[in-house]
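# Remarks on the overall topology
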Amino acid sequence: MLSIKKITDENPFVKTFWFNYNLNSQPGQFVMLWIPGIDQKPFSIAYDDSAEFGLTIFAVGSLSKKLFELRVGDRVGISGPYGTAFSIQNDTHYITVAGGYGAGPLGLLTERLAATTNSTVDFCVGARSADLLLFKDRMAKLPHTTVQVATNDGSAGHTGFITDILSGLIQKSHGKKIILATCGPELMEKKVLDCANKNNVDCEVSIERFMKCGFGVCGQCCVDPLGLRMCMEGPVVNRATANSISEFGNYHRDKSGAKIYY
Amino acid sequence: MLKTSCLNIPFANPLVLASGILGVTAASMHKIIRDGAGGVTVKSISKAPRTGHPNPTMMGNDTYFLNAVGLSNPGIENGIAELIQFKKICPAPLIGSIFAGTADEFAELAELIAVAPIDILELDLSCPNVGREFGEPFAYSASAIGRITRETKAKVKVPISIKLSPNAWNIAELAKMAEAAGADAITAVNTVSGMAIDVRARRPILHNKQGGVSGPALFPIALKCVYDIYEAVKIPIIGTGGVMTGEDALKMIMAGATLVGVGSAVYYRGADVFGKIVAEMTEIMKQENIGSLDEIRGVAHGIM
């Protein structure tokens, strides 16, 4: 059990919950957060500087809504970190493509790249409108990082989807090694993967599936057709693995194990 | 060397995935076969889809694993589709598993699942984690075991195995009752009831409060159950409970098991634990000049 050290607002609907603990996580990994008597679910890690870590959360379900009622000093159960992470490589141009909460792990990835490599980053983030964009200012401060924005209503950056601008960014990178890294709604991620395939560049995708245990036993997050567990062999998978997952962008399974088509 | 026949069904080795670990989808079960198992048991299926208990539903430490998933499953219709898909992509033996709230519903569900290409049907009479919904497990009652076994046997041709509970003090007697009622095999054992408490949260860790204990702590209990059942019945036993290593698997066979269920070992040694156990069994059998498992099945009995 860890005490909430502080709670900060990222936008009107999103808060970051901070904990004083050296989680020692890699960008893309997740923790299981338990509120006794309510539920326990996986959450991606948006900040981790080895002194403290932060989870950036939308209030969407019973657990996150309860979390939003908690105050500084209240305790929650944290276990992990679990799962695979995005690669951190030198001499590379990363194009990170975030939708919604996906800005969390990609924000952490971008910070680590800026701090520990000579790689450059286009941090691409999309939202419905300018006030909902996550981590625009946090990323703008980083060296060799350019923030690219798209909003559906045109209130900031490109008007439309963030995936519209990817081909242009790939063309502009002048033959440097490119990695597309994406986390967000699956249909957006599928467009990013398609773009990577079309341009024949590397791609790393964070694939979210319903998880019970988070450590490879319950089988709830296994994907077709290879039966890979997204809590162990994922959530972050490379382009070849993402291409091998036939259900990606097609369907996922609910809490009972029944298929839900997109 | 490890080839085993159970109910005239050939298994490449005696290891089968125990019900409830992985085993939700055809793809996941196929991966378990590729990782070295001789057969698989699907996670237990009910008539309607179930979401199970809220989390935490599973936890583990060095000595025990504890779960109360609450029998989540996609329901018989979706479940059958996964079973059919498994047999399309994999020829290995497939054990179906069902649970229900009444004897009538067990028989009805058995009839439904029997259209799927399953080799054995396991009746889960012993889940310890749904008491508030279903009452005491049927596996504590000789009359319930007898009735469910008889009614199900009357409806289906596929061989059935009755999964029993180590919580019952007289498991060998109960196995005998199942055999008398027409059971073709016994799966022994399910998890034993248990609990874990988080000191800082000052409450049980599992949302369901109580759960089923598996992992290393269950092994000696399961081994004794299999040993006792072997003395009581002539039908084959699927010895399950805390098997972690090749040595454990051989102990189960010496106690009398024909097949050996492996579940929580996935937590302790990874999804490729099946291949590891197969290699360890082979190595020990070479050292001990054991040519086949038939040579050692039940060998621990009848000794002064």
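An unreviewed UniProt entry lists chain B under the name Dihydroorotate dehydrogenase. For chain B, the Sequence similarities (unreviewed entry) comment in UniProt is given as "Belongs to the dihydroorotate dehydrogenase family. Type 1 subfamily." The UniProt entry for chain B carries the following comment under Function (unreviewed entry): "Catalyzes the conversion of dihydroorotate to orotate."

Attention shifts here to the interface of chain B and chain A. Contact with chain B, which involves 32 residues of that partner, is made by 25 residues of chain A. The set of elements that each furnish at least two residues to the side of chain B that touches chain A consists of helix 1 (26-34), helix 2 (75-89) and helix 9 (265-269) of chain B. Looking at the side of chain B that touches chain A, the element that brings in the most residues is helix 1 of chain B, giving four residues. Tallied by class, the residues present in the side of chain B that touches chain A amount to 14 nonpolar, twelve polar and six charged.

All names here are of chain B. Position of Leu109 relative to the elements: it lies in helix 3 (residues 103-113). The spacing of Leu109 and Thr152 is 43 residues in sequence and 8.8 Å in space, taken between C-alpha atoms. In this structure Leu109 touches Lys47, Ile76, Ile98 and Ala100, once residues within four positions along its chain are discounted.

Residue and element names in this part refer to chain A. By domain assignment, chain A separates into domain 1 (2-82), domain 2 (86-206) and domain 3 (209-262). Taken over C-alpha atoms, the centre of domain 2 sits 23 Å from the centre of domain 3. Of the residues lining the interface, twelve residues belong to domain 2; the matching set on domain 3 comes to ten residues. Listing elements by their share of the side of domain 2 that touches domain 3, those giving two or more residues are helix 5 (186-199) and strand 14 (202-206). Considering each element in turn, the side of domain 2 that touches domain 3 owes the most residues, six residues, to helix 5. Residue composition of the side of domain 2 that touches domain 3, by class: six nonpolar, two polar and four charged.

Once that is clear, we can look at the UniProt feature "domain: Dihydroorotate dehydrogenase catalytic" (unreviewed entry) in chain B. UniProt's feature table lists "domain: Dihydroorotate dehydrogenase catalytic" (unreviewed entry) at residues 1-285 of chain B, given in the numbering used throughout. The span residues 1-285 of chain B is 36% helical and 20% strand by assignment, and the distance between its end C-alpha atoms comes to 9 Å.

Glancing now at the environment of Arg128(A). Residue and element names in this part refer to chain A. Inspection of the secondary structure assignment puts Arg128 in the loop between strand 10 (120-127) and helix 3 (136-140). Judged by the 12 C-beta atoms lying within 10 Å of it, Arg128 is exposed. Counting along the chain gives 125 residues from Arg128 to Arg253, while the straight-line C-alpha distance between them is 27 Å. In this view, Arg128 contacts Thr151, Asn152 and Asp153; residues no more than four positions away in its chain are not counted.

The element helix 1 of chain B is largely enclosed, with a buried count of eight among its nine residues. Contact partners of the buried residues in helix 1 of chain B: strand 15 (222-223) of chain A together with strand 3 (15-17), strand 4 (39-41), helix 2 and helix 10 (273-287) of chain B. At the C-terminal side of helix 1 of chain B, Gly36(B) shows a positive phi close to 120°.

A word on the UniProt feature "binding site: substrate" (unreviewed entry) in chain B. Residue and element names in this part refer to chain B. With numbering aligned to this structure, UniProt lists the feature "binding site: substrate" (unreviewed entry) at Lys43, Asn67, Ala68, Val69, Gly70, Leu71, Asn190 and Thr191. Despite a sequence span of 149 residues, these residues sit close together in the fold, their greatest C-alpha distance being 14.2 Å. By the secondary structure assignment, Asn67 is in strand 6 (residues 65-67). Its 31 C-beta neighbours within 10 Å are what place Asn67 among the buried residues. Not counting the four nearest positions on each side in its chain, Asn67 is found in contact with Thr57, Met58, Gly211 and Gly212. By the secondary structure assignment, Leu71 is in the loop between strand 6 and helix 2. Looking at Leu71, the number of C-beta atoms within 10 Å reads 21, which means it is buried.

What follows is about the sheet that holds strand 13 (residues 177-183) of chain A. Residue and element names in this part refer to chain A. The seven strands are arranged 12-11-10-9-13-14-17 in an open sheet whose pairing can be described as mixed. What marks the edges here is a single partner per strand, and that holds for strand 12 (158-159) and strand 17 (236-238). Across three bridges, strand 14 lies against strand 17 in antiparallel orientation. Pairing of Val205 across the sheet is with Val237, part of strand 17. This element, helix 2 (residues 103-116), spans strand 9 (92-99), strand 10, strand 11 (145-151), strand 13 and strand 14 of the sheet and lies at about 160° to strand 9. Set on the sheet, helix 5 makes contact with strand 9, strand 13 and strand 14; between it and strand 14 the angle comes to about 165°.

Quick look at the packing of helix 1 of chain B against helix 2 of chain B now. How two helices sit against one another is set out by the angle between their axes and by the gap between those axes. Residue and element names in this part refer to chain B. Between helix 1 and helix 2, the shortest axis-to-axis distance is 8 Å and the interhelical angle comes to 40°. If you check the angle between helix 1 and helix 2, you find them oblique. Taken as a pair, helix 1 and helix 2 cross one another with a handedness that is right-handed. Between helix 1 and helix 2, the residues in contact are Ala26, Met29 and His30 and Glu82, Gln85, Phe86 and Ile89, respectively. Looking at the contact of helix 1 with helix 2 residue by residue, the classes come out as four nonpolar, two polar and one charged.

Take helix 7 (residues 219-232) of chain B next. Residues and elements named next belong to chain B. Helix length check: helix 7, at 14 residues, gives a terminal C-alpha distance of 20 Å against a target of 20 Å (1.5 Å per residue), a fit within 8%. Those residues of helix 7 lying buried are Ala222, Leu223, Cys225, Val226, Tyr227, Ile229 and Tyr230. In the core, the buried residues of helix 7 are packed alongside helix 6 (171-180), strand 10 (185-188), strand 15 (237-240) and helix 8 (246-255).

All names here are of chain B. Ranked by internal contacts, the top residues of the largest apolar core, which has 177 residues, are Ile186, Val226 and Ile229. A per-element tally of this core places helix 7 first, with seven residues. Once residues lying within four places of it in the same chain are set aside, the contact partners of Ile229 are Ile171, Ala172, Ala175, Ile186, Ala188 and Ile237.

Residues and elements named next belong to chain B. Strands sit in the order 5-6-14-11 across an open sheet of four strands; the sheet is antiparallel. At either end of the open sheet lies a strand with only one pairing partner, and these are strand 5 (58-60) and strand 11 (192-195). Mean inter-strand twist for the sheet, computed between neighbouring axes without regard to direction, equals 35°.

Calculation criteria
- Residues numbered from 1 in each chain as written.
- Chains lettered and ligands numbered in written order.
- Predicted model: local features only at pLDDT ≥ 70, side-chain atom pairs only at ≥ 80, totals over all residues.
- UniProt positions renumbered as here; feature names shortened; annotations may be inferred.
- Contact = placed C-beta atoms within 7 Å.
- Helix = DSSP H or I, 4+ residues; strand = E, 2+ residues; numbered from the N terminus.
- Nonpolar A, V, L, I, M, F, W, Y, C, P; charged D, E, K, R; others polar.
- Domains from an automatic or database assignment.
- Buried ≥ 20, exposed ≤ 12 C-beta atoms within 10 Å, placed from the backbone.
- Pairing = 2+ DSSP bridges.
- Axes fitted to C-alpha atoms, helices over the stretch in contact; angles between N-to-C directions.
- Parallel < 35°, antiparallel > 145°, perpendicular 65-115°, else oblique.
- Left-handed = near helix turned anticlockwise from the far one by under 90°.
- Expected span 1.5 Å × (residues − 1).
- Core = buried A, V, L, I, M, F, W, Y, C linked by C-beta atoms within 7 Å.

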